[in-house]
Amino acid sequence: PDLKQWLFSTEYYRGYFSNGTYYVPAARLPGEPRASNEIIAEGTDSSLRINAKYVLPWGQGANGAARSLKQQRGETEFNPLESGVTSINITPFQQTRDVTDYPNAPDVAQGLEVQLNWDNRDSVGDTESGSQTRFTVRRDFGSDERNSWTTWELEQSAFVPLDENSVFKEQVLAFNYYLADTPTWDSGTGVADKHRPPSFAGIKLGGFNRLRGYSSGEFYSRSAVAYSAEYRVKP
C-alpha cells in the first residue's frame with residue numbers, strides 16, 4: 001500500500017506427532033547443572049507469526065524494502081549507513097504445545113517480538129563474507145491463566161573468505177556468538193508463580209541453527225552462551 005520501506009508476511013505452522021521427542025525441565029539439587037528429561041509422547045505443536053518489517057532507508061535499504069531482498073549484495077563495508085540492510089521487525093506471535101499425559105505443562109506462549117537486524121552479508125543464501133548482527137526482545141504480557149515473561153537475545157556472525165585453490169572452489173571461515181537471558185526468571189513468589197517462559201518458547205540450545213549435533217530445544221534454562229567456528233568448503 002505505497003509503503004516502500006515495509007515488508008509484511010505471515011507464517012503458520014501446525015504439526016501432530018504420534019511419537020514426538022520432547023524435553024521437559026528436570027528437577028535438580030542445588031549446585032547441579034540444569035538438565036532436561038527426554039520423553040517420547042504424542043503431541044501437537046503450532047506457531048503463528050505476523051511480521052511487519054521496516055527497512056531503514058540507508059545502505060541497501062535506500063532503494064526500498066523490496067530491493068533489499070536481492071540475494072547478491074556485492075561488496076560489504078563495516079558501516080550500516082553504506083552497506084547491508086538494517087531493519088526493525090515487529091512480530092506478534094503465538095506458540096502452543098499440547099503433550100499427551102502432561103496436562104500441567106505450560107502450553108501457550110503469546111506476545112510480541114521486536115528485533116533489530118543489521119544483515120551485512122554479501123549473500124543471504126551462500127555467504128562468503130560480511131557479518132550479521134541481531135538483537136531480539138520477546139515479551140509475553142500474560143493473562144489470567146499464565147504468567148508474563150521477557151527474554152532477550154544477542155547474536156553476532158562473521159564470515160571470512162579464503163582464497164580458492166585447485167581442490168576447493170570456495171573456502172569460508174564462519175564465526176557465531178550467541179548470548180541470551182530471561183530477566184524475569186526469578187520474579188514472583190512461589191514456584192508456580194515464576195515469570196518463566198515455557199521450555200518451547202524460552203532460551204534454549206540444540207538443533208540445526210544453534211549447537212548442532214543435539215536435538216532441537218534439548219537444553220533449556222534462564223540464560224545461554226554459545227559460540228562456534230566453522231570451516232566451510234565447496235569442492
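Residues numbered from 1 in each chain as written. Predicted model: local features only at pLDDT ≥ 70, side-chain atom pairs only at ≥ 80, totals over all residues. Heavy atoms only, no water.

A few words on the overall build of the chain. What the chain contains, in helices and strands, is 0 helices and 10 strands. Expressed along its principal axes, the backbone C-alpha trace of the chain runs to roughly 55 × 50 × 35 Å. Each charge class in the chain can be summarised by its mean position, and for the 24 positive and 30 negative side chains these summaries are 2 Å apart. (Helix = DSSP H or I, 4+ residues; strand = E, 2+ residues; numbered from the N terminus. Lys, Arg positive; Asp, Glu negative; His and termini not counted. Charge placed at Lys NZ, Arg CZ, Asp CG, Glu CD.)

To continue, consider a negative patch on the surface. Side chains of E42, D98, D101, D107, D144 and E145 sit close together on the surface and give a patch of like negative charge. Position of D144 relative to the elements: it lies in the loop between β5 (130-140) and β6 (149-162). By relative accessible area, which is 85% here, D144 ends up exposed. (Patch = residues over 30% accessible without salt bridge, like charges linked within 9 Å, V, L, I, M, F, W, Y side chains within 5 Å. Areas by Shrake-Rupley, 256 points an atom, 1.4 Å probe, with all protein chains shown as cover. Salt bridge = Lys/Arg side-chain N within 4 Å of Asp/Glu carboxyl O. Buried < 20%, exposed > 50% of the residue type's maximum accessible area, 1.4 Å probe, protein only.)

Turning next to the nonpolar core. Counting 6 residues, the largest nonpolar core consists of Y178, A180, I203, L205, A224 and A226. Of all the secondary-structure elements, those providing two or more residues to this core are β7 (170-181) and β10 (224-234). Leave out the neighbours within four places in its chain, and Y178 touches E153, L154, E155, I203, L205, R210, A224, V225 and A226. Grouped together as the second largest cluster of nonpolar side chains are 5 residues, F93, W149, F200 and A201 included. (Core = buried A, V, L, I, M, F, W, Y, C linked by side-chain atoms within 4.5 Å. Contact = heavy atoms within 4.5 Å.)

Bridge count for β5 against β6 is 11 bridges, and the pairing is antiparallel. Directly across from R138, in β6, lies its bridge partner T151. With 11 bridges connecting them, β6 and β7 associate as antiparallel partners. The residue bridging E155 from the neighbouring strand is Y178, located in β7. (Pairing = 2+ DSSP bridges.)

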